[in-house]
Amino acid sequence: MRAGKEEMSSTTLQPIDLVSAVKDLHILSTLELSKLIRDADNDIIQWTDSNESSKQINLETLVRYLPWHLIAKLLESKQDEELLRYLLGGIRLLHALYDLATRNTKLEQVLLEDMKISEQMFDLIFFMILVLSGFRQESQLAALHSALLACSLNLITAFVSSQWNELEPVLLAHPKVDTFVFGSFAAVHRDIQFILVRLSVQNDKTSMQSNLAEVNRICQHTEASLQFLQSLCQQKLFRERLVTNKDLCEEGGILLLANDIMKLPFCEDSYLMAVFSRLKSKVLSILLNLCEVESVSFLDVAASTTKGLNLAKSTISKVIELLKVIFRGDLNTLASFSDKTYPRGLLQLNAMRLTDVLSDDSNFRSYITLNFTEVLTTIFLQPHVDFLSSWCSSGSRPAEEDATLDYDSFTASGWVLGVLTSSDVPESTFNPSRVPRTSYAFQKTSLLVKVVANLTCFIPDICREEKDLFLNTFMQCFQKDLSSNSRTEKAAIVIQNLRSLSMYAESLIPGFLNNDDVELFRSFIEQLEPIIMQESDNNRVTEVHSTGQNSSNAGRNTVISDNSPVEEANQLNLTGNEDQRTDLAPTFTPVPNPAPTLTPVPNPAPTLTPVPRAVKATEEGAQNVETTISDANTAHQSEEKQVKKRKRNILNHMQITMIEQALQIEPEMQRNAASIQLWSEKLSLHGSEITPSQLKNWVNNRKAKLARVAAKDNQGPSGGDNITFTDKQGGSGTDPDLESADEFFDPTPSTGQPTQLVKHEPGQFVVLTDGKGDEIGKGFVHQASGSWSGANLDESGLCVVDITYLKVDKWTSLPHPCHATGTSYGHSEQIIGVKRVLWDSSKLVVQQRAG
């Protein structure tokens, strides 16, 4: 200050009109200003103002005293629009002079080589930031405030260096750096509050459209300021200094900024949605950088005070809500409203990275467990195909693109001051920093695995009260909002998705995951699987118990149990309890010439045939009459009372025909969960609802029946060996009661001819078909006999096929997944290098040449 005053006193004899210089010269373009400097005689710049008056000023005088002149203006008490416009004009003029400094010797000597000028510039910018951080005016001056802040911050790179590793030590060496850092974050926070106010008052579309250009520009300036701070926080020494700033970390200054940025809403305007996403991505990146500091834990500092802890939890809750929106795909839906897209930053990755860090921190692990587990449950409840494409695929296109805003302070300030019109200002440009497709997918998946691993990890000395907290919370979220009928199906989906992710995670070692992460993830699956399956089993038992007490009268279809009759009796302990309603009591009529039971015994008990419980039934009702079958032997019948009547579904003729035809093509259907799921859904469309577990039980009973009948045939034919069931429509076929298939079954297929077995050999070109005979793909037989990946090909009727052409999506579930192939065609290709799969021999059609 003293040196500056001495220089000013030495020139008092020469009047200096800096006010006119600022007002008249800041409106010139860099080309126009460059021409004035080139034409200057003895470094005296001459120009004509708007009133046609001739003006002049010495170039060196202008450059040396302009920073002090602007500081003097800042000291004026009246901080109104006129002052802000004047200050912004002065900053714009400085940007133009620094831009010309490399092309003018005089400017270079004064601006870039004189250390006193650099000190004056630091004083000007630091004081400017301090004033802007305490700005209390209304949001009408938001555009001026945000532009002045962004242009002042970016002016530092003009006179110091545009390289952040060179700028970092210079800033840290300044004695007022802590004040500068605090003021910068506070001033950016003020701009965010201005934006929130603008958005809250612009409720109707007409108002929003009329001010949309101004709101966009405010957002542009604010993003440039936040981007400046983000770049500084990426420097190791700077963020270590930042963590020690009490006002920003302990008192929650940074968290206040992050909390308000996370409040910015998503909207249909593509530009605003993109800039809000980038702002959120940048502030989350700053938090992540601070969490990387090793000397002092930022999270420990933030949680050391009640205010900081509450702010941190509030910010975390908004991050979790954001991830819910992202995983629902709402952002992509909003983006589809516009034909033009803008980079939105790595918002999802940064949100998941922060969740990963927080889930591994003792201060916030419990909070993450209680609030984020619902998001995890939603992810694992996705349909398996969707889950694989989202989390177990490296081929999906990244939904996010990171980019750096290319901010031009001279142009941006010119638009705010009215020097440039909207048509003169080009649209925002970005320097993209694209993440490779595979890297993005691997990072996203690895973060999901890490979060689960962190929440599963239990260290008694640190978090004794958190034992099983994640597991119990996951089960509570799983049971939430799920009807009892869907829990069994959803449990299978969760386990299938978890197993697929566990297998996929192994391929991410060591690049993205370590062995401990994967082992902890497996540990969670091992803990969850028996609990979630027991829950679904208990649910089925409860359903059987409740439906048995509320079964309808005769002539109506009912729901069947997933368990066999004896298993249900053991689980429910219902033996000896009879249904009190006489109309539901089972009635049996002995057959005069009974056929032998299916299980060979010395003195077979007579087999009982079902009769309708309704004496009077209409023709329509007669087709759906309930039937009951005794499946206990003579000893049990003499010792136990009749079990309560269970509600069952009745397979109609169409359903019987469909499943019989399917079993001719896929005799081992019960081994294929995907096929069971598919056919249970198809059968349900043509009659009573059939669950996958019910269908699997029926197919297993059918297979056992076939084996016993075959054994009986080998002992010699008898008059009662031809056991058939007469269905409601007068035909013969398989027992329509799913649970009774073991008691009444016609081993002869109801339709069609016996399937002719084809001997497959390695090298054969084959067409792969599904259960309906539709083509899935083409390929060559790799192995047709022996053992492969633990499967006995001869006993199981499978072949190993290398697929060369695939008609379905490569992430479709395989009919016979194993460790060697994974769960999809895509997994097999990743593991083996080719789409090598196990396929039913009966579903392979041999062709002479590859088509």
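Preceding this section is the structure that the text describes.
A few points on the structure. (Residues numbered from 1 in each chain as written. Predicted model: local features only at pLDDT ≥ 70, side-chain atom pairs only at ≥ 80, totals over all residues. Heavy atoms only, no water.)

So, about helix α16 (residues 270-291). An ideal rise of 1.5 Å per residue puts 32 Å on 22 residues; α16 measures up with 32 Å between its terminal C-alpha atoms. The buried fraction of α16 amounts to 21 of the 22 residues, a majority that puts the element mostly inside the structure. (Helix = DSSP H or I, 4+ residues; strand = E, 2+ residues; numbered from the N terminus. Expected span 1.5 Å × (residues − 1). Buried < 20%, exposed > 50% of the residue type's maximum accessible area, 1.4 Å probe, protein only.)

It is a general feature of regular strands that their side chains alternate between the two faces of the sheet. The alternating pattern of strand β3 (residues 403-406) places Ala403 and Leu405 on a buried face, while none of Thr404 and Asp406, on the opposite face, is buried. When β3 meets strand β4 (residues 429-432), the two strands line up antiparallel, connected through four bridges. Following the sheet pairing, Thr404 is matched in β4 by Asn431. (Pairing = 2+ DSSP bridges.)

The next point concerns the pairing of strand β1 (residues 44-48). Here β1 shows a clear split, with Ile45 and Trp47 buried on one side and none of Ile44, Gln46 and Thr48 buried on the other. Examined bridge by bridge, β1 and strand β2 (residues 54-58) share five bridges and lie antiparallel to one another. For Trp47, the partnering residue across the bridge sits in β2 and is Lys55. Count of turn residues in the β1/β2 antiparallel hairpin: five residues, of which Glu52 carries a positive phi of about 65 degrees.

The next thing to look at is the sheet that holds strand β13 (residues 798-806). Pairing is antiparallel across the open sheet formed by five strands, whose spatial order is β16-β13-β10-β9-β17. Where the open sheet ends on each side, the last strands, each with one partner, are β16 (835-840) and β17 (844-847). Strand-to-strand twist in this sheet, taken as the mean axis angle between neighbours without regard to direction, amounts to 45 degrees. Judged from the five bridges that link them, strand β9 (residues 765-769) and strand β10 (residues 775-783) form a sheet pairing that is antiparallel. When the sheet's bridge partners are listed, Val767 is paired in β10 with Lys778. (Axes fitted to C-alpha atoms, helices over the stretch in contact; angles between N-to-C directions.)

All right, on to the environment of Asn472 then. Counting through the fold element by element, Asn472 comes out in helix α25 (residues 469-479). Placed 103 residues apart in sequence, Asn472 and Thr369 show a C-alpha to C-alpha distance of 10.0 Å.

The subject of this paragraph is unusual backbone geometry. Cis geometry marks the peptide bond from Ile509 to Pro510, where omega comes out at 0 degrees. Mapped onto the elements of the fold, Pro510 is located in the loop between α26 (484-506) and α27 (515-549). A positive phi angle is found at Asn42, which is not glycine, with a value near 55 degrees. Looking at where Asn42 falls in the secondary structure, it is placed in the loop between α3 (30-38) and β1. Positioned with a positive phi, Glu52 is a non-glycine residue whose angle comes to about 65 degrees. The exposure class of Glu52 is exposed, given its relative accessible area of 66%.

The next thing to look at is the side chain of Arg217. Along the chain, the position of Arg217 falls in helix α12 (residues 212-233). Setting aside residues up to four positions removed in sequence, Arg217 forms contacts with Trp415, Val425 and Pro426. (Contact = heavy atoms within 4.5 Å.)

Centre distance and the angle of the planes are the two values used to describe a pair of aromatic rings. Evaluated as defined, the whole model comprises 15 aromatic pairs. Between Phe126 and Phe180 the ring centres are 4.7 Å apart and the planes differ by 15 degrees, which places this aromatic pair in the stacked class. In this pair, Phe126 sits in helix α7 (residues 115-133) while Phe180 sits in helix α10 (residues 177-201), placing the two residues 54 residues apart along the sequence. On the basis of relative accessible area, Phe126 is assigned to the buried category, the value being 8%. Relative accessible area serves as the criterion here: at 1%, Phe180 is assigned to the buried category. On the basis of an interplanar angle of 75 degrees and a centroid distance of 5.4 Å, the ring pair of Phe474 and Phe524 is categorised as edge-to-face. On the criterion of sequence distance, the pair formed by Phe474 in helix α25 and Phe524 in helix α27 is long-range, its members being 50 residues apart. This pair shows no difference in class: Phe474 is buried, exactly as Phe524 is. Positioned above the aromatic ring of Phe410 is the side chain of Arg92, whose terminal nitrogen or guanidinium carbon lies 3.7 Å from the ring centre. (Phe/Tyr/Trp six-rings, centres within 6.5 Å; stacked < 30°, edge-to-face > 60°. Lys NZ or Arg CZ within 6 Å of the ring centre and 35° of its normal.)

What follows covers the nonpolar core. Most often, soluble globular proteins keep nonpolar side chains buried together rather than apart. Among the nonpolar cores identified, the biggest contains 180 residues, and Phe180, Phe185 and Phe380 are the most heavily contacted of them. With 13 residues, helix α5 (residues 81-101) is the largest single contributor of residues to this core. Ignoring sequence-local partners within four residues, the contact set of Phe380 consists of Phe387, Leu448, Val452, Phe474, Ile493, Val494, Asn497, Leu498, Leu501 and Phe521. Counting 14 residues, the second-largest nonpolar core is a separate cluster that includes Val766, Ala784, Leu806 and Tyr825. (Core = buried A, V, L, I, M, F, W, Y, C linked by side-chain atoms within 4.5 Å.)

Direction vectors running N to C along helix α4 (residues 59-74) and α5 enclose 160 degrees, while the axes themselves pass 11 Å from each other. What the angle tells us is that α4 and α5 run roughly antiparallel. Taken as a pair, α4 and α5 cross one another with a handedness that is left-handed. For the pair α4 and α5, contact is made by Leu62, Val63, Leu66, His69, Leu70, Lys73 and Leu74 and by Leu83, Tyr86, Leu87, Gly90, Ile91, Leu93, Leu94 and Leu97, respectively. Across the contact of α4 with α5, the residue classes tally to 12 nonpolar, two polar and one charged. (Parallel < 35°, antiparallel > 145°, perpendicular 65-115°, else oblique. Left-handed = near helix turned anticlockwise from the far one by under 90°. Nonpolar A, V, L, I, M, F, W, Y, C, P; charged D, E, K, R; others polar.)

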